Amino acid sequence: MVLLELSYVNSNLQLLMGQLEGLNSSVEVYQNTHETANIPLIALGLKETKEVDFSTPFKDIILEHYSEDGNNFEDEIADLMDLRQACRTPSRNEAGVELLAKYFSHLPLMESRFFSPNRQTGIFFTWYDSFTGVPVCQQNLSLEKASILFNMAALYSQIGTRSDRQTIVGLEEAISSFQKAAGVLNHLKETFTHTPSYDMSPAMLSMLIRMMLAQAQECLFEKTALPGIRNQFFSLLKMAQEAAKVSEIYDQVHQSMIQTPIKDNVPLFWSTMSQVKTNHYRSMAHYFVASALLDHPLGPSDDEDQQEKTLSQVYDRLPEGRSPLDILKKKEERERIGKAHIRTAILGHEEALRIYSLCHHLNKLEVLQDILKASHQRSLKKSSENESEEEFTDYMEAPDIISKTDHKAEMEVPAATKVKVTDFFQRLGPLSVFSAKQRWTAPRTIRLCTEDGDLGFTLKGESPVQVVSLDPLCPAAADGLKEGDYIVAVGDTDCKWMGVSEVMRLLKDVNEEGIDIQVVSMMDSNPPMPTKSATFCGNLPKTYSMICLAFDDDDKNPKSRKVTKKSSFISWGLKNKLKSASTLSLPTADHSGALPWNKPRPTFPSSSAYNNDSVLY
């Protein structure tokens, strides 16, 4: 029976994982809604959570711990619950990020107020793994904080994928969004190291950070190519190295995705997409080098030394017996190396198309197939233009291209993770004193009366104020006032947030009839053990408290001791408050088949593949 039940549960989990993979593979939902023909980018889906009711637990804590009526805080509790509920379905823009950041900033305040390390609140936070759908439930706030951060990164990734990458402004927004997503994920990885949800494990987060930075680097490449690539030697070699950089980073992403156990949880679509992009951009790099060598022979007016230097920086190593200068000056060598690059480009494009055809989720992205086919056709055309019937096929392998970029994608920690908020429960008093970790007595009412204009004590502190220098013979001491007590109310006035000067104003007109104040005494959560001296007699320890040994009978009667009169009420000390050439374009999805490749045009022309109604989003 147990085995049968387990197999049933396992089959349900497998079904759920399949459905989640389908959702995570539906990248078309997250793309820009305009008619564009960009290579699709991957966005993270939001983690789901169950609704949480703070009402009853918080009211109980307010009554038991803070000695106040929890019903007086119903509005504050409702505001907090409304904020959390709104965070379950944030808008996919900066406003949504700000909403999550606001709730994230409230969590430390809520933790200080209500979550004591010595007491369970009975509140359970349940979040679902975004890849497996497995629920994780905890009573502390670590899971809540980590999940909110994950969703902030997910929102940034969705903002990036929805940016209009046909404009410089849109590309800059995409670059910034992916860098911020990587920054938030890195902060999550460094801060919450033992989160039980697998989608937030160090290995998974490291892979997601690489993927966000790879997409940012891809957008940086597109930004460089958007105005058009100058069809001249130096520009082509520069773009070749930029494309090689994108390929290199996507290869690192793919390698991290195929490691166990990440490969068991990451959608196949993601690893396939990274593999397609690795081959696509590597082939593009070889195409650019081939174009530079085949279409731009060294002329009399060209800077030979500069070209030699640039070409030497493109290659890590050359076939034996060849030098960059030989390739530049000898026509045969130049053509031979150039053709080797174009063959490598063709093979790479064919590999990208083959991998594309193996993933049924990728097959839905017709615009990606169009771009891959266009790149392949462009390389084939370049190869046919430089073929001659009489020459034999040369199977020389093209040298590897060194990746290099002028603008490297870097993690960026957004300022939105730190939002200044007002504590919902500030009426409970300053957090430095009135927190879940501190313990104090229930409020006591003390009757204050003056003797010759003197109340018998002084005050110190900012808020709440504390009683110091208490005269043990004054009426207030007789009524139960102690040194170190915090004054929380004077008459009907709450003064938890009042400083010394404000409390003084409330007390300065105390007459002979007096006034009632409310005070609380701080209790030590871990009272220190008295110092003990132990002696051994007959192997049996005898322990005496040094406090008892030092006790003097004369001290039993406090009235027999000499008492120094304390400074008067008037003399309270106030604490100071400190405080030109033709251009080339990247391959696009051209359905007309009439436009030549060397015609100036936008880098990625429009395609109707993503003309989806926004309601899909």
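Residues numbered from 1 in each chain as written. Predicted model: local features only at pLDDT ≥ 70, side-chain atom pairs only at ≥ 80, totals over all residues. Heavy atoms only, no water.

*Asks:* So what's going on with the pattern of salt bridges? Which residues, and what values?
*Replies:* This structure, assessed with the given rule, holds 20 salt bridges. Among the ionic pairs, Lys145 bridges to Glu111, the shortest N-O distance being 2.6 Å. Separated by 34 residues along the polypeptide, Lys145 in helix 5 (residues 142-161) and Glu111 in helix 4 (residues 94-114) bring together distant segments of the chain. Among the charged side chains, a network of salt bridges with common partners joins Glu68, Asp494 and Lys496. (Salt bridge = Lys/Arg side-chain N within 4 Å of Asp/Glu carboxyl O. Helix = DSSP H or I, 4+ residues; strand = E, 2+ residues; numbered from the N terminus.)

*Asks:* Can you break down the packing of helix 8 (residues 233-257) against helix 9 (residues 268-295) residue by residue, with the values?
*Replies:* Where helix 8 contacts helix 9, the axes come no closer than 7 Å and their chain directions differ by 160°. Considered as vectors, helix 8 and helix 9 are oriented roughly antiparallel to each other. As for how helix 8 packs across helix 9, the hand of that crossing is left-handed. Of the residues in the contact of helix 8 with helix 9, the class split is 19 nonpolar, seven polar and three charged. (Axes fitted to C-alpha atoms, helices over the stretch in contact; angles between N-to-C directions. Parallel < 35°, antiparallel > 145°, perpendicular 65-115°, else oblique. Left-handed = near helix turned anticlockwise from the far one by under 90°. Nonpolar A, V, L, I, M, F, W, Y, C, P; charged D, E, K, R; others polar.)

*Asks:* Outline the confidence of the model for the protein, supporting the account with residue identities and numerical values.
*Replies:* Chain-level pLDDT for the protein is 81 on average; 79% of the residues reach the 70-or-more range. The model gives residues 527-581 a pLDDT under 50, and that stretch makes 57 contacts with residues more than four places away or in other chains. The low-confidence segment residues 591-617, where pLDDT is below 50, has 65 contacts with residues more than four positions distant or belonging to other chains. (pLDDT = per-residue confidence, 0-100. Contact = heavy atoms within 4.5 Å.)

*Asks:* Describe helix 9, with residues and values.
*Replies:* Along its 28 residues, helix 9 runs 40 Å from first to last C-alpha, staying within 8% of the 40 Å computed at 1.5 Å per residue. In terms of burial, helix 9 is a largely internal element, 24 of the 28 residues being buried. (Expected span 1.5 Å × (residues − 1). Buried < 20%, exposed > 50% of the residue type's maximum accessible area, 1.4 Å probe, protein only.)

*Asks:* Can you break down unusual backbone geometry residue by residue, with the values?
*Replies:* The phi torsion of most residues other than glycine is negative, and most of the peptide bonds are trans. The omega torsion across Thr260 and Pro261 is 5°, close enough to zero to call that bond cis. Within the secondary structure layout, Pro261 lies in the loop between helix 8 and helix 9. Pro464 follows Ser463 through a cis peptide bond whose omega is -5°. Even without glycine at this site, Ser67 takes up a positive phi of about 55°. Its place among the elements puts Ser67 in the loop between helix 2 (55-64) and helix 3 (74-87). Residue classification places Ser67 among the partly exposed positions, given a relative accessible area of 33%. Phi is positive for Ser469, close to 50°, though the residue is something other than glycine. For Ser469, the location among the structural elements is in the loop between strand 7 (466-468) and helix 14 (475-478).

*Asks:* How would you sum up the nonpolar core? Please name residues and give values.
*Replies:* Counting residues in each nonpolar core, the largest one holds 130 residues, and the members touching the most others are Phe54, Phe58, Met110, Leu208 and Trp270. Discounting residues that sit within four places of it in the chain, Phe58 has contacts with Ile77, Leu80, Met110, Phe114, Phe115, Ile123 and Phe425. Residues Val465, Val467, Val490 and Val519 belong to the second largest nonpolar core, which totals 23 residues. (Core = buried A, V, L, I, M, F, W, Y, C linked by side-chain atoms within 4.5 Å.)

*Asks:* Could you give an account of the packing of aromatic side chains, naming the residues involved and the relevant values?
*Replies:* Scanning the model with the defined rule gives 14 aromatic pairs in all. Between Tyr66 and Trp440, the aromatic rings sit 5.7 Å apart at their centres with planes inclined by 55°, giving tilted as the arrangement. Of this pair, Tyr66 sits in the loop between helix 2 and helix 3 while Trp440 is found in strand 4 (residues 439-440), placing the two residues 374 residues apart along the sequence. A residue is classified by how much of its surface remains accessible, and Tyr66, at 5% relative accessible area, is buried. Site record: aromatic cluster; members linked through ring pairs are Phe54, Phe58, Tyr66, Phe73, Phe114, Phe115, Phe125, Phe425, Phe434 and Trp440. (Phe/Tyr/Trp six-rings, centres within 6.5 Å; stacked < 30°, edge-to-face > 60°.)

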